[in-house]
Amino acid sequence: MSAALAIHGLTKSFGGLRVTRGVNLAVEPGERRLIIGPNGAGKTTLFNLITGDLRTDSGRIEFFGRNITRAPNRHRAHLGMARTFQIITLFPRETLLRNVMLSLLGLSKLRWNPFIRFDRLTVLAEPARDALARVGLDHLAHRPLSETSYGERRRIEIAMALAQNPRVLLLDEPLAGLSADERRDVHRLIVSIPRDVTILMIEHDMDVALEIADRITLLHFGEVVVEGTRAEVVQDPRTREVYLGE
Amino acid sequence: MSLRHALSTPDAEKASLSTRLLALGIVLALLVTVPIWVPNSYYVNICSQILIWAVFALGLNILVGYAGLVSLGQSGLFGIACYTAAYLVSIGTPHFEAGLAAIGLAIVTSAVFAVLSLRTTGISFLMITLALGEILWGIAYRWVSVTGGDNGISVNTRPTPFGISLASPSAFYYSTLIIFLVVVAAMYVFVESPFGISLRGTRDQARRMTTLGYNVWLIRFLAFMFSGLIAGVAGLQFFYYEKFVSPYVLSLSTSATVLLMVISGGVATLLGPIVGAALVIVMQYVVSAYIQQWNLVLGAIFVAIILFMPEGLVPGSLRLWRALRRRRGSAPAVVTVPVEPES
Ligand SMILES: Nc1ncnc2c1ncn2[C@@H]1O[C@H](COP(=O)(O)OP(=O)(O)OP(=O)(O)O)[C@@H](O)[C@H]1O
Ligand SMILES: [Mg+2]
């Protein structure tokens with residue numbers, strides 16, 4: 001069986017700045033992969049390359065054995081890739097429910113329909129409510145997004161990605177900026193995601209992240225420095241070097 | 001939309017629905033009886049003009065308001081419909097075919113405009129659309145054998161749909177009213193449809209939309225063509241209203257006028273472009289009869305709108321009205337959730 005995500009020799013530069021340098025990565029179906037690394041290591045850039053937000057300079061990306069290196073990011077969404085953003089990227093003028101409905105609409109043929117009322121689409125509203133319930137926000141379904149807290153928005157990011165029923169889910173610092181209580185909730189939520197979803201997660205909070213991860217990839221200056229199981233990566237001297245500074 | 005959030009009790013919702021239906025009924029009755037209560041045909045003609053420009057502005061609002069793409073080339077789409085119809089009618093083509101060709105060419109032109117301008121957004125989009133509009137204006141000026149150059153093209157007949165002559169001001173008014181109502185209804189449905197919501201999504205979070213699986217470019221392209229269709233309809237009506245076409249219809253001034261209508265009335269609202277069109281046309285034709293410097297007055301009004309109601313007349317008035325009501329404390333039955341939907 002082919003890997004959920006297989007990356008070969010991926011590179012990306014911004015001007016003279018080489019942000020991704022020959023990254024290889026193979027993530028098995030159902031795996032929980034943690035990506036760590038200091039600020040500016042190129043973690044988010046790697047996600048942007050995987051989702052197609054950025055074009056690769058060279059290298060190859062395979063999604064369940066299918067070459068998607070040149071596929072535009074909307075196609076990757078339709079193939080079953082969903083992500084959350086490190087910098088919250090939601091629709092501030094819409095309600096929570098409509099935010100999640102928009103996420104569902106993106107994969108539905110109904111999105112081209114100019115004649116029916118969006119609000120009446122129970123085929124979207126019902127699963128959207130379920131997704132909100134999964135992140136514990138269904139009681140705020142009709143609140144405009146602009147009136148929600150930061151922690152709630154982080155969870156809506158996750159709800160929107162989950163609503164699409166992805167095969168591979170990329171979470172970019174899902175715990176950033178959350179209170180201890182909110183962290184616990186989101187932690188539980190991520191643990192509860194069934195194993196038919198493969199998860200790649202960038203996270204700085206090691207207590208939570210290490211608990212979730214099956215394997216860990218350590219990025220530094222755009223390169224994979226260490227990769228292995230939890231124990232392997234934690235014990236590796238290079239990990240200490242990267243984090244404590246040479 | 002904001003109203004719906006503000007009124008959260010079912011009773012209040014019912015009340016607001018019936019008041020709104022009542023208001024709608026009154027407005028419709030007033031519109032239908034214009035030729036009866038409006039004193040003379042000069043003013044009936046002004047009402048026709050308002051409706052034509054309102055249609056034009058509603059079409060532009062698809063781009064400016066709902067797609068977040070500020071176009072200064074809308075006159076190109078409007079004008080090409082005017083010229084196509086004028087030229088074809090002047091060489092003896094039947095009105096029906098000429099009208100179809102005019103609207104068809106406006107749509108084709110909007111597709112070309114869209115392909116060239118949708119590489120960008122923001123100020124570059126504005127500059128490209130402006131340049132495209134200017135090119136068409138230049139062609140109309142120079143291609144004298146077809147367009148008549150500065151002299152333009154005049155015709156002496158209006159169409160007779162279903163055997164009804166549109167020669168009189170009131171007959172023509174009714175034709176513009178029907179088209180206006182159809183366009184308003186279409187916009188009303190469109191804005192809250194999945195496609196309309198998607199279009200607004202591309203305005204607010206284009207990157208997120210792409211990540212969610214939407215084809216942002218195609219959504220904008222289709223919206224541009226829809227806008228072009230409506231501009232074409234408005235252009236065709238404008239030509240038949242004037243029975244004359246000159247390069248003015250393709251000028252930057254026309255693009256700017258319709259854009260001002262949208263902005264002063266309120267972008268991304270259904271009523272805004274209509275109110276904006278009424279404001280500008282009334283200033284131009286009614287106030288100008290009393291005040292020579294009506295241009296200055298209009299300018300002052302625009303400045304006042306931008307200073308005091310930057311969101312436009314319609315959303316601005318709603319905001320003021322709500323604030324007033326809250327201060328008087330005269331809304332105990334309505335549970336008002338603090339809503340700032342446009343932030
Ligand atoms: N679009 C861009 N244009 C130019 N430089 C960029 C761009 N995106 C990222 N960079 C640069 O690439 C480097 C890696 O950025 P990236 O966001 O991938 O880091 P990161 O590992 O996610 O860091 P953090 O932990 O702070 O989120 C940084 O130096 C950043 O400034
Ligand atoms: Mg990052």
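For the structure, see preceding data.
Cut-off values and rules
Residues numbered from 1 in each chain as written. Chains lettered and ligands numbered in written order. Predicted model: local features only at pLDDT ≥ 70, side-chain atom pairs only at ≥ 80, totals over all residues. Heavy atoms only, no water. 1 Å grid on protein atoms, 1.4 Å probe; cavity = no way out; pocket = protein on both sides within 12 Å on 5 of 7 lines; lining within 4 Å. Points joined across faces, edges and corners; volume = space filled by probe spheres on them. Helix = DSSP H or I, 4+ residues; strand = E, 2+ residues; numbered from the N terminus. Nonpolar A, V, L, I, M, F, W, Y, C, P; charged D, E, K, R; others polar. Contact = heavy atoms within 4.5 Å. Pairing = 2+ DSSP bridges. Axes fitted to C-alpha atoms, helices over the stretch in contact; angles between N-to-C directions. Donors = N, O, S within 2.8 Å, 3.2 Å for Na, K, Ca; no water. Buried < 20%, exposed > 50% of the residue type's maximum accessible area, 1.4 Å probe, protein only. Near = heavy atom within 4 Å. Polar contact = N/O pair within 3.5 Å; in protein donor to acceptor, adjacent residues only side chain to side chain. Areas by Shrake-Rupley, 256 points an atom, 1.4 Å probe, with all protein chains shown as cover.

## Examining empty space enclosed by the protein
What the rule picks out here adds up to 3 cavities of 30 Å³ or more. A volume near 50 Å³ is recorded for the largest cavity. Looking at the largest cavity, the residues that line it are Thr51, Asn73, Arg76, Ala77, Met81, Ala82 and Arg83 of chain A together with Thr211 of chain B. Elements that contribute at least two residues to the lining of the largest cavity include exactly helix H2 (73–79) and strand E6 (81–83) of chain A. Residue composition of the lining of the largest cavity, grouped by class: 3 nonpolar, 3 polar and 2 charged.

## Looking at the side chain of Ser110 of chain B
By secondary structure assignment, the location of Ser110 of chain B is in helix H6 (residues 95–117). Aside from chain neighbours lying at most four places away, what touches Ser110 of chain B is Leu77, Phe224, Met225 and Gly228 of chain B.

## Considering the sheet that holds strand E3 (residues 32–36) of chain A
Residue and element names in this part refer to chain A. Here we have 6 strands laid out as an open sheet, ordered E6-E7-E8-E3-E9-E10, and mixed in their pairing. Every other strand in the sheet has two partners, leaving E6 and strand E10 (223–229) as the edge strands with one partner each. Neighbour-to-neighbour, the strand axes of the sheet open up by a mean angle of 15 degrees, direction not taken into account. Bridge count for strand E9 (residues 215–220) against E10 is 6 bridges, and the pairing is antiparallel. By the bridge assignment, His220 is partnered in E10 with Glu223.

## Considerations on the coordination of the magnesium ion (ligand 2)
All names here are of chain A. Only Thr44 (OG1) and Gln86 (OE1) from the protein reach the magnesium ion (ligand 2) as donors, at distances of 1.9 to 2.1 Å. With a gap of 42 residues between them, Thr44 in helix H1 (residues 43–51) and Gln86 in the loop between E6 and helix H3 (96–105) connect regions that are remote in the sequence. For Thr44, a relative accessible area of 25% gives the class partly exposed.

## Some thoughts on the pairing of strand E1 (residues 5–14) of chain A
Residue and element names in this part refer to chain A. Summarising the sheet, E1 and strand E2 (residues 17–27) pair through 7 bridges and their orientation is antiparallel. By the bridge assignment for E2, Ser13 is matched with Arg18. The turn joining E1 and E2, which pair antiparallel and follow one another in sequence, is formed by 2 residues; a positive phi near 60 degrees is taken by Gly15. By the bridge criterion, 5 bridges tie E1 to strand E4 (residues 58–63) in an arrangement that is antiparallel. Across the sheet, residue His8 finds its bridge partner in E4, namely Arg60.

## Digging into the environment of Cys82 of chain B
Residues and elements named next belong to chain B. With respect to the element layout, Cys82 can be found in helix H5 (residues 74–90). In this structure the C-alpha to C-alpha distance between Cys82 and Gln237, which are 155 residues apart in sequence, comes to 8.1 Å. Ignoring anything within four residues of it in the chain, the contact list for Cys82 reads Gly235, Phe238, Phe239, Val245 and Val249.

## Focus on the site of ligand 1
Residues and elements named next belong to chain A. Contacts to ligand 1 come from 13 residues, most closely from Gly40, Lys43, Thr44, Thr45 and Gln86. Take Thr44: an N or O atom from its side chain is 2.7 Å from an oxygen atom of ligand 1. At 2.6 Å from an oxygen atom of ligand 1 is found a side-chain nitrogen or oxygen belonging to Thr45. Protein coverage of the free-state accessible area of ligand 1, which is 630 Å², stands at 61%. Mapped by element, the contributors of at least two residues to the shell around ligand 1 are E2 and H1. For the shell around ligand 1, the leading source of residues is H1, giving 3 residues. Here the shell around ligand 1 is built from residues that sort into 4 nonpolar, 7 polar and 2 charged.

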